[in-house]
Structures are given as structure tokens and as C-alpha cells.
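Letter by letter, the chains look like this.
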Amino acid sequence: MGKNGSRQTKKLKAATLLESVIAMSMMAAALSFAVGLHFRILHSDQGADKVQAWALTEELLAHRSTGSWVEQIERNEDFKHFEIQINEEVHSPGLIDISIVIHKGKALLLERRCIIPGSP
Amino acid sequence: MHKRLKASALFYATTVSLLIGLVMGSMILLTHFRNIRSQEWIAHERAASNARSAAYFALHNSDRELGSIHVDLFQNGSDSATINVIPWGGLDLIKTRAWIADQEASITAFGGFLFDDQVVLDLARKAGPLHMCGDARIHGDVRVPLSDVRRGYIEGKPFTGEKLVNGQLFRSEDQNRSLRKDLESRLQQNCTRTHLEGEYPIELPEDHRYDNLGGSSPTLPVLQFHGRTHLEGYDLKGPILIRCDDSLSIDATNQMEMVIIQAPFITIDPGTRLTAQLFSTQGIHLSEDVQLLFPSMLAVWRDEHLAAPAFIRVGENAHVQGAVIAVDRSTRGRSQGNILIGSGALVQGEVYTDGSIQHQGHIRGTTTAGELILRTSASVYQGHLLDGTIQRYDLGSQWGFGCMTHSEERNILQWGRMVHARRRS
């Protein structure tokens with residue numbers, strides 16, 4: 001408060017120019033670290049991708065019995081972010097062993113195998 | 001006098017940096033916990049998927065009769081399961097348990113066979129020609145003696161159709177087709193109320209409720225009754241076995257799913273709705289409007305020491321989805337009729353008897369019999385079909401009990417409840 005009671009603003013005091021530079025550098029470093037870590041976490045977080053990949057395998061298996069799972073792959077926007085490899089082998093009469101491997105970029109997201117009725 | 005500490009730019013910069021660091025640290029922790037959560041969820045789903053895969057694996061396991069076995073589903077050391085296959089009437093009761101990390105899933109299932117309905121009616125060679133009367137209709141291939149199908153006239157009812165058989169006519173084979181061997185032995189075992197391995201008696205609480213749909217125990221619960229018994233108000237979800245040493249009747253107040261009922265004589269009262277396999281040595285009577293849902297079975301195995309024939313009577317407008325089997329190898333009582341399908345009744349699935357059938361309802365599936373008969377108040381007519389219809393199965397793929405099948409192809413007919421748990425160390 002000033003002598004006559006009015007509000008006065010005071011400048012933030014830095015003892016030296018060096019202190020100012022250090023303070024601003026510290027702030028810039030902290031903010032850069034924050035931004036960099038934020039985007040790195042986003043890119044390296046595969047939890048949501050794995051859950052989505054599992055859901056996609058459920059879609060594939062559901063459509064496999066109808067014979068339209070190739071069309072399903074091509075039509076679904078969600079599939080375009082992933083590389084999918086499907087392998088089928090006869091397990092026993094009337095049963096097949098299906099292996100579904102899903103990659104995103106170079107990272108292996110999910111490998112799922114199951115035995116279901118059907119023929120290759 | 002103390003001087004107050006003066007805040008400077010460096011102090012504020014340090015404080016803000018610490019705050020940013022705290023926020024970033026929180027984000028890293030939250031992401032880590034979310035990853036853990038998604039890993040847990042995937043392990044949970046993978047365990048359930050492996051439990052189902054193990055059930056399909058068990059369908060073709062050659063050692064399935066040897067009790068509980070451990071399998072490595074995909075030979076990779078990481079997808080393990082235990083399988084237990086128990087004969088359950090005409091089906092296989094499959095119990096599986098799979099685990100991944102600390103997640104465990106168990107499920108029960110009922111395995112069945114594929115049956116062929118290309119030939120919808122197969123009569124024994126000694127039956128004689130087939131006479132079609134009234135509104136009788138056959139849609140599908142037929143195998144009858146000498147491929148002889150004729151128009152008939154019974155009780156003032158001539159044949160009203162245009163074509164006798166809407167399908168191909170074949171000659172009956174020298175030997176009538178026989179039941180699948182292991183099914184035959186199971187029928188005899190269940191009809192004669194032979195005790196099964198793993199049985200243990202249970203007592204129900206006062207509300208007469210029992211739920212075993214998610215049961216992974218290898219044992220079989222048995223409800224034992226003595227003397228003439230009438231069941232009412234029971235709510236049972238199997239697998240569970242009901243055994244009575246005298247006549248047993250069940251009314252429409254009961255709710256039963258996946259049960260086996262064994263008694264010398266069984267009566268199902270009008271309006272009852274069940275999923276059950278019924279086994280008897282003297283007879284089974286389904287009253288009007290009874291519904292036996294898929295996969296159900298009616299089976300009688302005639303006791304050779306009894307003079308009276310064993311029969312299955314499917315009342316008017318009753319509905320059976322599954323199989324109706326009457327085994328009577330004696331020479332007595334052939335003219336009585338082993339299976340009687342009333343007017344308006346519907347059987348979807350397989351019908352088999354080495355005796356005779358009196359059919360005035362609807363069969364959608366396959367019928368194998370010694371002969372068709374028609375019993376009126378005046379007489380018994382052999383080789384006559386009056387108003388009954390026979391056509392192919394219309395509930396999708398022909399999965400059922402596979403009475404006559406010799407195919408190795410198998411499938412799960414019904415799933416129980418999936419039960420999840422955390423593995424104890």
C-alpha cells in the first residue's frame with residue numbers, strides 16, 4: 001500500500017541479471033520437459049491400443065463364421081492403424097486353431113490364439 | 001528485529017518448476033496404473049478365451065474318459081488349462097478351467113454331434129409298404145421297403161397331397177441303421193438308473209433352488225427321491241441329476257435347465273417348460289403344451305423282464321427339441337407302438353426306435369423306425385401315416401445327439417456360465 005493508501009504494484013526484484021537468467025532458464029526447462037514427457041507418454045502408452053486390439057480380434061472371430069472377415073478388415077477404419085496377420089491350421093475334425101498377431105508400427109501389440117469350430 | 005525473507009524471481013521459478021514436476025509425475029503414475037489395469041483386463045479376457053478353447057479341445061480329446069487332465073493348449077507353455085469330460089446322458093459334460101497370470105476362468109459346456117437329415121425317414125426292411133393318408137406329408141429323402149409308398153385311405157381320410165414324397169425314394173437296407181455304440185450303452189446305463197462315477201447326494205434349501213451352471217467341480221450332484229413323487233416349485237440349473245425309484249411327475253411350476261431325470265415312469269404335466277434329458281424303463285408321458293427345449297432327450301429302454309411295452313407319448317401341441325429314442329429289442333408289444341406323437345406335437349431333431357411309431361404330429365429332422373403304425377379304436381394299421389408330417393431339420397446346422405452318426409465332427413451345444421476368479425498362490 002502507498003503512503004496515501006492507494007494500491008501500488010511492485011516489480012519482482014532480482015538481485016542480479018544472473019538470477020533472472022537462471023530463473024527463466026529453469027522455467028523454460030521445466031516447461032520443455034513437461035511438453036516432451038507428455039507427448040512421449042502418449043506415444044509409448046500401449047494400454048489403450050492393446051485393449052482396442054483385443055476388441056478387434058473379437059470382431060474378426062465373430063465375422064469369421066460368416067466368412068466376411070476380410071471385408072470387415074477392409075471396411076473398418078479402426079483396422080487401418082494396425083497390421084494384422086492371421087494364420088489358420090486344422091486342429092481336429094471340425095476345429096481350427098487360429099492365430100491373430102497385431103502390430104502397430106514396429107511394436108507387437110497382441111498375439112491371440114484360440115480354438116474354434118470351423119474349417120480353414 | 002527480524003527481516004522478512006524477500007521473494008525473488010528465482011524463488012518463484014523454483015516453485016513453478018516443482019509444481020510442473022509434480023503434475024508430470026502424476027501423469028506418469030496414472031499412465032502406469034492404466035497400463036496395469038489394461039494388462040489385467042487382457043489377462044481376464046484371455047483366460048476366458050482359453051477356457052472356451054479348452055472346451056472345444058476337449059471335444060476331440062481321446063483321453064476324455066480318464067477324468068481331469070491338464071493341457072497346454074497351444075504348446076507354448078503359457079496357455080494352460082484343465083479339462084474334465086463326464087458322460088452326461090446323451091451328451092458330454094465338459095468342464096474346463098484356464099488361467100493366465102493371476103486370472104482364472106472356468107466354464108461348463110455340453111458337447112454333441114452332427115446328425116444327417118438327408119434321409120428324413122428310414123424304415124426297416126421288414127416293415128412293408130408305406131401308406132400315406134389324410135394330410136400326411138414327407139419332404140426329404142425316404143428309405144422304405146422296396147421303395148414302395150402308396151396312397152392310403154384310413155378312417156374316411158384319403159391322401160390329400162399331390163406328391164407322395166417330396167424327395168428321393170430309396171430301398172430299405174438289409175440291416176436297419178443302429179444307434180451309435182457309446183450312446184446305446186449310455187442310454188441303458190441311464191434308463192436303468194446305474195450310478196455314475198462322481199455322484200454325490202445333495203439336499204436343497206427350503207426354497208428348492210439350486211444353481212450349478214458355473215460349477216467347475218468334477219462331481220455330479222444328485223437329488224434322490226423315494227416312492228411316487230410329484231415335483232413342484234423347483235428351480236434347478238444343472239448339471240444336476242434327479243433320480244426316483246418310482247413314478248415321477250413334474251408340473252409347470254418347476255423351472256429346470258440342464259437336468260437329467262431318471263425314473264421308471266415319468267409324467268410331465270401340461271404347460272411345463274424344461275431343458276432336460278429324461279430316462280425311463282417303462283414310459284414317458286408328455287402332456288399337452290409341454291416344451292422341452294434344446295438340447296433335450298426322451299429315452300426309454302425296455303426292461304426285457306417286463307411284459308408291458310415301454311413307450312414315449314408326446315401329447316398334443318407338445319414341443320421337443322432334441323431326440324426321442326425308444327429301445328425295445330423284445331418281440332412282444334410291437335403293435336402297441338413305442339413312440340406316439342400326438343396331433344399338433346412337434347419334434348425337432350432325431351427320432352429313433354427299433355419298434356414302431358404312431359405319428360400324427362410334425363417331425364423336423366430324421367426318423368428311424370422299425371415301422372409306422374396307426375392305432376384306432378377299431379384296429380391297428382401297420383405301415384400307415386395319417387396326418388403326420390416329416391421334413392428336414394429347420395433350426396440351422398444339424399447339431400444334436402447324433403443317434404446314428406458315425407462322423408467325428410462335434411460341437412458345443414450349450415454353454416454354462418463363465419466364472420472368473422483370482423488365482424490363489
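Residues numbered from 1 in each chain as written. Chains lettered and ligands numbered in written order. Predicted model: local features only at pLDDT ≥ 70, side-chain atom pairs only at ≥ 80, totals over all residues. Heavy atoms only, no water.

Side note on the overall build of chain A
Our working rule: By the criteria applied, helices consist of DSSP H or I runs no shorter than four residues and strands consist of E runs no shorter than two, each listed in order from the N terminus. Partly exposed residues are those whose accessible area sits between 20% and 50% of the maximum for their type, while under 20% is buried and over 50% is exposed, using a 1.4 Å probe and protein chains only. In what follows, residue pairs with any heavy atoms lying within 4.5 Å of each other are defined as contacts. Computed by Shrake-Rupley with a 1.4 Å probe, the accessible areas treat only the displayed protein chains as cover when residues are assessed.
Broken down by element type, chain A carries three helices and three strands. Taken from N to C terminus, the helices and strands of chain A fall in the order α-α-α-β-β-β. For chain A, the proportion of its 120 residues judged to be buried stands at 32%. Pairs at least 24 residues apart make up 35% of the contacts formed inside chain A by residues separated by at least 6 positions. Looking at chain A as shown, the accessible area adds up to about 7,900 Å², and 58% of this sits on carbon and sulfur atoms.

A word on the nonpolar core
Residue and element names in this part refer to chain B. So the rule is basically this: Working definition of a nonpolar core: buried Ala, Val, Leu, Ile, Met, Phe, Trp, Tyr and Cys residues. They are joined through side-chain atoms within 4.5 Å.
One finds Leu130, Ile138, Leu236, Met256, Ile261 and Leu298 to be the most contacted residues of the largest nonpolar core, which totals 59 residues. Here this core gets four residues from one element, more than from any other, and that element is strand β17 (residues 235-244). Apart from residues lying up to four places away in sequence, Leu236 is in contact with Leu204, His208, Tyr210, Leu223, Ile242, Gln255, Met256, Glu257 and Val259.

Observations concerning the packing of aromatic side chains
Residues and elements named next belong to chain B. Using the following cut-off: Side-chain rings of Phe, Tyr and Trp, where Trp is taken by its six-membered ring, are said to pair if the distance between their centres is within 6.5 Å; with planes under 30 degrees apart they count as stacked, over 60 as edge-to-face, and otherwise as tilted.
Scanning the model with the defined rule gives five aromatic pairs over all chains in all. Ring centres of Tyr56 and Trp415 lie 5.6 Å apart, and the angle between their planes is 80°; this geometry places the pair in the edge-to-face category. With Tyr56 in helix α1 (residues 9-59) and Trp415 in strand β35 (residues 410-415), this residue pair connects regions lying 359 residues apart in the sequence. When the centroid spacing of 5.3 Å and the interplanar angle of 75° are considered together, the rings of Phe115 and Tyr393 count as edge-to-face. One end of the pair, Phe115, is in the loop between β4 (103-114) and β5 (119-123); the other, Tyr393, is in the loop between β33 (389-391) and β34 (399-400), and 278 residues separate them in sequence. Accessibility expressed as a relative area gives 11% for Tyr393, which makes it buried.

Some details on the pairing of strand β21 (residues 273-280) of chain B
Residue and element names in this part refer to chain B. Selection rule: At least two DSSP bridges between two strands are required for those strands to pair.
Across the eight residues that make up β21, a large majority, seven, are buried. With six bridges joining them, strand β19 (residues 255-262) and β21 adopt parallel strand pairing. Note that in β21 the partner of Gln262 across the bridge is Phe279. When β21 meets strand β23 (residues 291-301), the two strands line up parallel, connected through six bridges. In the sheet register, Leu274 faces β23, and the bridge partner there is Leu292.

Quick look at the sheet that holds strand β32 (residues 384-386) of chain B
All names here are of chain B. What counts here: To define axes, lines are fitted to C-alpha atoms, for helices over the stretch in contact only, and angles between the resulting N-to-C directions are given on a 0 to 180 degree scale.
Judged by pairing direction, the sheet is parallel, and its three strands sit side by side in the order β9-β6-β32 without closing on themselves. The sheet is open, and its two borders are formed by β9 (149-151) and β32, each paired with just one other strand. Across the sheet, the mean angle from the axis of one strand to that of its neighbour is 25°, orientation sign disregarded. In the sheet, strand β6 (residues 130-133) pairs with β32 via three bridges, with the strands oriented parallel. Across the sheet, residue His131 finds its bridge partner in β32, namely His384.

Notes on the side chain of Thr353 of chain B
Residue and element names in this part refer to chain B. We count it as follows: Here a polar contact is recorded for every N or O atom pair within 3.5 Å, except that within protein the pair must consist of a potential hydrogen donor and a potential acceptor, and residues adjacent in sequence are included only if both atoms are side-chain atoms.
Structurally, Thr353 can be placed in strand β27 (residues 346-353). Taking the relative accessible area as the measure of exposure, Thr353 reaches 0% and is therefore buried. Engagement of the side chain of Thr353 in a polar contact is seen with the backbone oxygen of Ala326, the distance being 3.1 Å. Sequence-distant contacts of Thr353, defined by excluding residues within four places in its chain, comprise Ala326, Asn338, Ile339, Thr368, Ala369 and Gly370.

Here we look at unusual backbone geometry
All names here are of chain B. Put simply, Gly238 and Pro239 share a cis peptide bond, and its omega is 15°. Residues Phe294 and Pro295 are joined by a peptide bond in cis, for which omega reads -5°. Checked against the element boundaries, Pro295 lands in strand β23. The phi dihedral of Glu155 is positive, around 50°, even though this residue is not glycine. By the secondary structure assignment, Glu155 is in the loop between β10 (153-154) and β11 (157-158). If you check the backbone angles, Asp387 has positive phi at about 70° while not being a glycine. Mapped onto the secondary structure, Asp387 falls in the loop between β32 and β33.

Side note on the interface of chain B and chain A
Often, the extent of an interface is quoted as the loss of accessible area on bringing the components together. Let me state the cut-off plainly: The buried area of a pairing is the accessible area, by a 1.4 Å probe, that goes missing from both parts when the two are put together, added over both. We define a salt bridge as a side-chain nitrogen of Lys or Arg found within 4 Å of a carboxyl oxygen belonging to Asp or Glu.
Listed by partner, the interface residues are 32 residues for chain B and 33 residues for chain A. At the boundary of chain B with chain A, total buried surface from both sides reaches about 3,000 Å², with 70% on carbon and sulfur atoms. Counting across the chain B and chain A interface gives zero salt bridges. Linking chain B with chain A are five residue pairs in polar contact (both at pLDDT 80 or more).

So, the pairing of β19 of chain B
All names here are of chain B. In terms of burial, β19 is largely enclosed, as six of its eight residues are buried. By the bridge criterion, seven bridges tie β17 to β19 in an arrangement that is parallel. Of the residues in β19, the one forming a bridge with Leu241 is Ile260.

Observations regarding the confidence of the model for chain A
Keep this limit in mind: Confidence scores labelled pLDDT are given residue by residue by the predictor and lie between 0 and 100.
In this model, chain A carries an average pLDDT of 78, and 75% of its residues clear a pLDDT of 70 or more. Per-element mean pLDDT across chain A ranges from 68 in helix α3 (residues 69-75) of chain A up to 90 in strand β2 (residues 95-104) of chain A.

As for the pattern of salt bridges
Residues and elements named next belong to chain B. On inspection of all chains with the given rule, the structure shows 18 salt bridges over all chains. One salt bridge in this structure joins Arg143 and Asp122, with 3.0 Å as the shortest N-O distance. In this pair, Arg143 sits in strand β8 (residues 141-144) while Asp122 sits in strand β5, placing the two residues 21 residues apart along the sequence. In this structure Asp122 comes out as buried when scored by relative accessible area, which is 2%. As a salt-bridge pair, Asp235 and Arg209 come within 3.2 Å of each other at their nearest N and O atoms. Placement of the pair is Asp235 in strand β17 and Arg209 in strand β14 (residues 209-211), with a sequence separation of 26 residues.

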